[in-house]
Amino acid sequence: MDLFAITSAVAIIFTVLVFFTGLPIIYDIWKNKSTENISPAPFMAMFVSCCVWCKYGILTMDWTIISVNAIGLCFQMTYLSIFVFYTAQKNQLFRQTFGCVCFLAIVLYYTDFLVTQKSTAVLHIGRLGATLSVVSYGSPLATVKEVFKTKSTASMPFSLTVANSFVAAIWFYYGYLRKDLNVEIPNFIGLLLGLVQLTLFIKYPRTRLKQGREITIQASARKSQSAIREV
(Lines give C-alpha, C1' and ligand atoms only; values in the text may rest on other atoms or scores of the structure.)
Protein backbone atom coordinates (compact mmCIF):
# COMPACT_ATOMS: atom_id res chain seq x y z
CA MET A 1 0.00 0.00 0.00
CA ASP A 2 1.52 3.36 -1.04
CA LEU A 3 1.63 6.58 0.99
CA PHE A 4 -1.33 8.16 -0.81
CA ALA A 5 -3.56 5.14 -0.16
CA ILE A 6 -2.59 5.11 3.54
CA THR A 7 -3.26 8.85 3.87
CA SER A 8 -6.61 8.42 2.12
CA ALA A 9 -7.65 5.59 4.46
CA VAL A 10 -6.55 7.50 7.59
CA ALA A 11 -8.41 10.62 6.42
CA ILE A 12 -11.63 8.63 5.92
CA ILE A 13 -11.39 6.77 9.24
CA PHE A 14 -10.71 9.82 11.41
CA THR A 15 -13.23 12.02 9.63
CA VAL A 16 -15.91 9.39 10.22
CA LEU A 17 -14.89 9.31 13.89
CA VAL A 18 -15.48 13.06 14.04
CA PHE A 19 -18.98 12.48 12.64
CA PHE A 20 -19.65 10.34 15.73
CA THR A 21 -19.19 13.41 17.97
CA GLY A 22 -22.83 14.28 17.31
CA LEU A 23 -24.01 11.09 19.03
CA PRO A 24 -23.87 12.41 22.64
CA ILE A 25 -26.11 15.34 21.64
CA ILE A 26 -28.55 13.04 19.87
CA TYR A 27 -28.50 10.65 22.83
CA ASP A 28 -29.45 13.50 25.18
CA ILE A 29 -32.30 14.45 22.84
CA TRP A 30 -33.54 10.85 22.78
CA LYS A 31 -33.14 10.47 26.53
CA ASN A 32 -35.01 13.70 27.35
CA LYS A 33 -37.51 13.23 24.50
CA SER A 34 -36.93 16.88 23.67
CA THR A 35 -34.43 19.08 21.83
CA GLU A 36 -34.76 21.71 24.60
CA ASN A 37 -32.41 24.60 23.69
CA ILE A 38 -30.19 22.57 21.36
CA SER A 39 -29.71 24.19 17.94
CA PRO A 40 -29.93 22.12 14.74
CA ALA A 41 -27.56 24.60 13.01
CA PRO A 42 -24.37 22.49 13.37
CA PHE A 43 -26.08 19.46 11.83
CA MET A 44 -27.51 21.52 8.97
CA ALA A 45 -24.17 23.21 8.33
CA MET A 46 -22.45 19.82 8.19
CA PHE A 47 -25.19 18.49 5.91
CA VAL A 48 -24.67 21.37 3.45
CA SER A 49 -20.88 21.00 3.65
CA CYS A 50 -21.05 17.26 2.94
CA CYS A 51 -23.33 17.86 -0.07
CA VAL A 52 -20.98 20.51 -1.49
CA TRP A 53 -17.88 18.34 -1.01
CA CYS A 54 -19.67 15.32 -2.48
CA LYS A 55 -20.36 17.34 -5.62
CA TYR A 56 -16.73 18.48 -5.67
CA GLY A 57 -15.59 14.87 -5.39
CA ILE A 58 -17.84 13.86 -8.28
CA LEU A 59 -16.53 16.68 -10.48
CA THR A 60 -12.90 15.82 -9.70
CA MET A 61 -13.49 12.03 -9.60
CA ASP A 62 -11.98 11.89 -6.11
CA TRP A 63 -13.46 8.77 -4.52
CA THR A 64 -11.94 9.50 -1.12
CA ILE A 65 -13.83 12.78 -0.90
CA ILE A 66 -16.99 11.21 -2.32
CA SER A 67 -17.00 8.27 0.09
CA VAL A 68 -16.25 10.20 3.29
CA ASN A 69 -18.85 12.87 2.56
CA ALA A 70 -21.45 10.29 1.52
CA ILE A 71 -20.95 8.70 4.95
CA GLY A 72 -21.20 12.16 6.51
CA LEU A 73 -24.51 12.75 4.73
CA CYS A 74 -25.91 9.55 6.21
CA PHE A 75 -24.89 10.67 9.70
CA GLN A 76 -26.32 14.17 9.35
CA MET A 77 -29.59 12.95 7.81
CA THR A 78 -29.98 10.52 10.71
CA TYR A 79 -29.24 13.23 13.28
CA LEU A 80 -31.66 15.67 11.63
CA SER A 81 -34.39 13.01 11.41
CA ILE A 82 -34.15 12.40 15.16
CA PHE A 83 -34.08 16.15 15.75
CA VAL A 84 -37.25 16.62 13.67
CA PHE A 85 -39.01 13.83 15.58
CA TYR A 86 -38.38 15.33 19.03
CA THR A 87 -38.38 19.09 18.39
CA ALA A 88 -41.38 21.17 19.39
CA GLN A 89 -40.55 23.76 16.72
CA LYS A 90 -41.10 21.62 13.66
CA ASN A 91 -42.32 24.46 11.44
CA GLN A 92 -39.21 26.53 12.11
CA LEU A 93 -36.98 23.51 11.47
CA PHE A 94 -38.78 22.73 8.21
CA ARG A 95 -38.26 26.33 7.06
CA GLN A 96 -34.54 26.12 7.86
CA THR A 97 -34.27 22.78 6.08
CA PHE A 98 -36.11 24.18 3.06
CA GLY A 99 -33.66 27.09 2.98
CA CYS A 100 -30.68 24.69 2.98
CA VAL A 101 -32.23 22.57 0.22
CA CYS A 102 -32.91 25.67 -1.91
CA PHE A 103 -29.32 26.83 -1.43
CA LEU A 104 -27.99 23.43 -2.52
CA ALA A 105 -30.37 23.34 -5.48
CA ILE A 106 -29.03 26.72 -6.67
CA VAL A 107 -25.43 25.51 -6.28
CA LEU A 108 -26.11 22.29 -8.22
CA TYR A 109 -28.07 24.12 -10.93
CA TYR A 110 -25.19 26.57 -11.33
CA THR A 111 -22.50 23.89 -11.62
CA ASP A 112 -24.55 21.59 -13.88
CA PHE A 113 -26.32 24.01 -16.22
CA LEU A 114 -24.96 27.55 -16.04
CA VAL A 115 -21.23 26.85 -16.12
CA THR A 116 -19.98 25.72 -19.50
CA GLN A 117 -16.49 24.61 -18.46
CA LYS A 118 -15.91 21.87 -15.92
CA SER A 119 -12.76 23.56 -14.61
CA THR A 120 -14.80 26.66 -13.68
CA ALA A 121 -17.38 24.54 -11.87
CA VAL A 122 -14.59 22.76 -9.95
CA LEU A 123 -13.00 26.08 -9.02
CA HIS A 124 -16.21 27.68 -7.76
CA ILE A 125 -17.63 24.75 -5.84
CA GLY A 126 -14.16 24.05 -4.46
CA ARG A 127 -13.99 27.60 -3.10
CA LEU A 128 -17.45 27.24 -1.59
CA GLY A 129 -16.46 23.97 0.08
CA ALA A 130 -13.22 25.53 1.31
CA THR A 131 -15.11 28.46 2.84
CA LEU A 132 -17.54 26.12 4.63
CA SER A 133 -14.62 24.06 5.97
CA VAL A 134 -12.79 27.10 7.34
CA VAL A 135 -15.96 28.35 9.04
CA SER A 136 -16.48 24.90 10.57
CA TYR A 137 -12.91 24.71 11.85
CA GLY A 138 -13.13 28.18 13.35
CA SER A 139 -16.59 27.83 14.91
CA PRO A 140 -15.29 26.95 18.43
CA LEU A 141 -13.59 30.37 18.45
CA ALA A 142 -17.06 31.93 18.61
CA THR A 143 -16.76 31.64 22.40
CA VAL A 144 -13.29 33.24 22.55
CA LYS A 145 -14.73 36.37 24.20
CA GLU A 146 -16.06 34.18 27.00
CA VAL A 147 -12.67 32.45 27.28
CA PHE A 148 -10.84 35.76 27.79
CA LYS A 149 -13.52 37.00 30.18
CA THR A 150 -13.51 33.93 32.44
CA LYS A 151 -9.84 33.00 31.88
CA SER A 152 -11.10 29.48 31.20
CA THR A 153 -11.74 27.31 28.12
CA ALA A 154 -14.71 25.57 29.77
CA SER A 155 -16.94 26.91 26.97
CA MET A 156 -14.79 25.25 24.26
CA PRO A 157 -15.00 21.53 23.29
CA PHE A 158 -11.50 20.15 23.90
CA SER A 159 -11.97 16.69 22.37
CA LEU A 160 -13.57 18.13 19.22
CA THR A 161 -10.78 20.71 18.91
CA VAL A 162 -8.10 18.01 19.07
CA ALA A 163 -10.00 15.80 16.61
CA ASN A 164 -10.56 18.66 14.16
CA SER A 165 -6.89 19.67 14.34
CA PHE A 166 -5.76 16.14 13.56
CA VAL A 167 -8.28 15.72 10.75
CA ALA A 168 -7.26 19.09 9.28
CA ALA A 169 -3.61 17.98 9.31
CA ILE A 170 -4.45 14.70 7.56
CA TRP A 171 -6.58 16.37 4.88
CA PHE A 172 -3.95 19.06 4.37
CA TYR A 173 -1.39 16.34 3.67
CA TYR A 174 -3.90 14.53 1.43
CA GLY A 175 -4.43 17.73 -0.58
CA TYR A 176 -0.67 18.21 -0.79
CA LEU A 177 -0.16 14.69 -2.16
CA ARG A 178 -3.00 15.12 -4.64
CA LYS A 179 -1.87 18.68 -5.50
CA ASP A 180 -5.38 19.96 -4.85
CA LEU A 181 -5.35 23.51 -3.46
CA ASN A 182 -9.09 23.43 -2.75
CA VAL A 183 -8.40 20.69 -0.20
CA GLU A 184 -4.94 21.80 0.87
CA ILE A 185 -5.53 25.49 1.69
CA PRO A 186 -8.71 25.29 3.86
CA ASN A 187 -7.28 22.42 5.88
CA PHE A 188 -4.01 24.27 6.39
CA ILE A 189 -6.06 27.21 7.72
CA GLY A 190 -8.08 24.73 9.79
CA LEU A 191 -4.85 23.34 11.26
CA LEU A 192 -3.70 26.85 12.20
CA LEU A 193 -7.07 27.62 13.79
CA GLY A 194 -6.84 24.33 15.69
CA LEU A 195 -3.40 25.26 17.01
CA VAL A 196 -4.75 28.64 18.14
CA GLN A 197 -7.55 26.88 20.01
CA LEU A 198 -5.13 24.39 21.61
CA THR A 199 -2.93 27.33 22.68
CA LEU A 200 -5.97 28.79 24.47
CA PHE A 201 -6.46 25.48 26.31
CA ILE A 202 -2.84 25.67 27.50
CA LYS A 203 -3.04 29.33 28.53
CA TYR A 204 -6.51 29.17 30.07
CA PRO A 205 -7.07 25.66 31.52
CA ARG A 206 -10.61 24.65 32.36
CA THR A 207 -9.62 24.09 36.00
CA ARG A 208 -9.21 27.85 36.51
CA LEU A 209 -12.92 28.44 36.21
CA LYS A 210 -13.60 25.56 38.55
CA GLN A 211 -11.04 26.87 41.04
CA GLY A 212 -12.53 30.35 40.75
CA ARG A 213 -15.96 28.98 41.60
CA GLU A 214 -14.52 27.08 44.57
CA ILE A 215 -12.80 30.26 45.83
CA THR A 216 -16.08 32.16 45.48
CA ILE A 217 -17.96 29.45 47.38
CA GLN A 218 -15.30 29.37 50.11
CA ALA A 219 -15.40 33.18 50.40
CA SER A 220 -19.19 33.09 50.71
CA ALA A 221 -18.93 30.39 53.35
CA ARG A 222 -16.45 32.48 55.37
CA LYS A 223 -18.75 35.51 55.18
CA SER A 224 -21.67 33.39 56.38
CA GLN A 225 -19.62 32.04 59.29
CA SER A 226 -18.52 35.57 60.26
CA ALA A 227 -22.10 36.75 60.18
CA ILE A 228 -23.15 33.85 62.42
CA ARG A 229 -20.38 34.65 64.90
CA GLU A 230 -21.40 38.33 64.96
CA VAL A 231 -25.00 37.36 65.70
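Residues numbered from 1 in each chain as written. Predicted model: local features only at pLDDT ≥ 70, side-chain atom pairs only at ≥ 80, totals over all residues. Heavy atoms only, no water.

Caption draft 1: Region of interest: the environment of Ala169. Secondary-structure assignment places Ala169 in helix H8 (residues 158–178). Under the relative-accessibility criterion, Ala169 is labelled partly exposed at 28%. With 18 residues separating them along the chain, Ala169 and Asn187 place their C-alpha atoms 6.7 Å apart. (Helix = DSSP H or I, 4+ residues; strand = E, 2+ residues; numbered from the N terminus. Buried < 20%, exposed > 50% of the residue type's maximum accessible area, 1.4 Å probe, protein only.)

Caption draft 2: Summary view of the pattern of salt bridges. By the definition in use, this model includes two salt bridges. Between Arg178 and Asp62 there is a salt bridge, with its nearest N and O atoms 2.9 Å apart. Residue Arg178 is located in helix H8, and its partner Asp62 is located in the loop between helix H3 (41–60) and helix H4 (63–86); the two are separated by 116 residues in the primary sequence. Given a relative accessible area of 31%, Arg178 falls into the partly exposed group. Exposure remark for Asp62: the relative accessible area of 2% places this residue in the buried category. (Salt bridge = Lys/Arg side-chain N within 4 Å of Asp/Glu carboxyl O.)

Caption draft 3: Structural context of helix H1 (residues 3–19). The terminal C-alpha atoms of H1, which comprises 17 residues, lie 24 Å apart, in line with the 24 Å expected from a rise of 1.5 Å per residue. Where H1 is concerned, the buried positions are Thr7, Ser8, Ala11, Thr15, Val16, Val18 and Phe19. Looking straight down H1, one finds its buried side chains confined to an arc of 155°; they lie on one side. In this structure, the buried side of H1 is in contact with H3, H4 and H8. (Expected span 1.5 Å × (residues − 1). Arc of directions from axis to C-beta. Contact = heavy atoms within 4.5 Å.)

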